[in-house]
Amino acid sequence: MLLKSQMCPYCESYSCFKTKEVFIQELNEKYGQEYTLIGDYLGTNTNTLFKHNDCGFIFQNKPHNILNKAPCPKCKRFNSKGELAIKKILDKHEIHYES
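Residues numbered from 1 in each chain as written. Predicted model: local features only at pLDDT ≥ 70, side-chain atom pairs only at ≥ 80, totals over all residues. Heavy atoms only, no water.

J.: Honestly, the pattern of salt bridges in this entry has me stumped. Any pointers?
T.: When the charged atoms of two side chains with opposite charge come close together, those side chains can pair. Considering all chains together, one arrives at three salt bridges under this definition. Among the ionic pairs, aspartate 54 bridges to lysine 88, the shortest N-O distance being 3.7 Å. A residue pair is termed long-range when its members are at least 10 positions apart, and aspartate 54 in the loop between strand 2 (48-52) and strand 3 (58-61) and lysine 88 in helix 3 (residues 81-92) qualify at 34 residues. For aspartate 54, a relative accessible area of 40% translates into the label partly exposed. (Salt bridge = Lys/Arg side-chain N within 4 Å of Asp/Glu carboxyl O. Helix = DSSP H or I, 4+ residues; strand = E, 2+ residues; numbered from the N terminus. Buried < 20%, exposed > 50% of the residue type's maximum accessible area, 1.4 Å probe, protein only.)

In structure tokens:
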């Protein structure tokens, strides 16, 4: 379902704007329950608030960035899969650590 009242500034058509429901469906298909949209959805190119459910960090980004490439700004500093795995284990067992 697409909004018909707004025109895409890039392709000058009415077919590029997704509804909030369509965006959330795409977000869940790509990431499962890893991210939650907590801000107002005003289109794919308008910044809004997201919550990364793995670490609890709330951050602002554009919806299309989340779907295409942008990881959580707090977690992206962890470069290896091993570091991420250890972080999840420590967090799960509520073990305090410094990053």
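J.: Explain a nonpolar patch on the surface here, please?
T.: Taken together, the side chains of Ile38, Leu49 and Ile58 present a nonpolar region at the surface, about 240 Å² in accessible area. On the secondary structure map, leucine 49 appears in strand 2. According to the relative accessible area criterion, leucine 49 is partly exposed, its value standing at 36%. (Patch = residues over 30% accessible without salt bridge, like charges linked within 9 Å, V, L, I, M, F, W, Y side chains within 5 Å. Areas by Shrake-Rupley, 256 points an atom, 1.4 Å probe, with all protein chains shown as cover.)

J.: Sorry, what's going on with the side chain of threonine 48 here?
T.: Here threonine 48 lies in strand 2. The class of threonine 48 is buried, set by a relative accessible area of 4%. Apart from residues lying up to four places away in sequence, threonine 48 is in contact with Leu37, Gly39, Asp40, Tyr41, Phe59, Gln60, Asn61 and Pro63. (Contact = heavy atoms within 4.5 Å.)

J.: Looking at this structure, I do not really get the nonpolar core. What am I missing?
T.: The tendency in soluble globular proteins is for nonpolar side chains to be buried side by side. With twelve residues, the main nonpolar core is built from Phe23, Leu27, Tyr35, Leu37, Tyr41, Phe50, Cys55, Phe59, Ile66, Leu67, Cys72 and Cys75. At the level of secondary structure, the elements contributing two or more residues to this core comprise helix 1 (20-31), strand 1 (35-37) and helix 2 (63-68). Each residue touching tyrosine 41, except ones within four places of it in the same chain, is listed here: Lys18, Thr19, Lys20, Phe23, Thr48 and Pro63. (Core = buried A, V, L, I, M, F, W, Y, C linked by side-chain atoms within 4.5 Å.)

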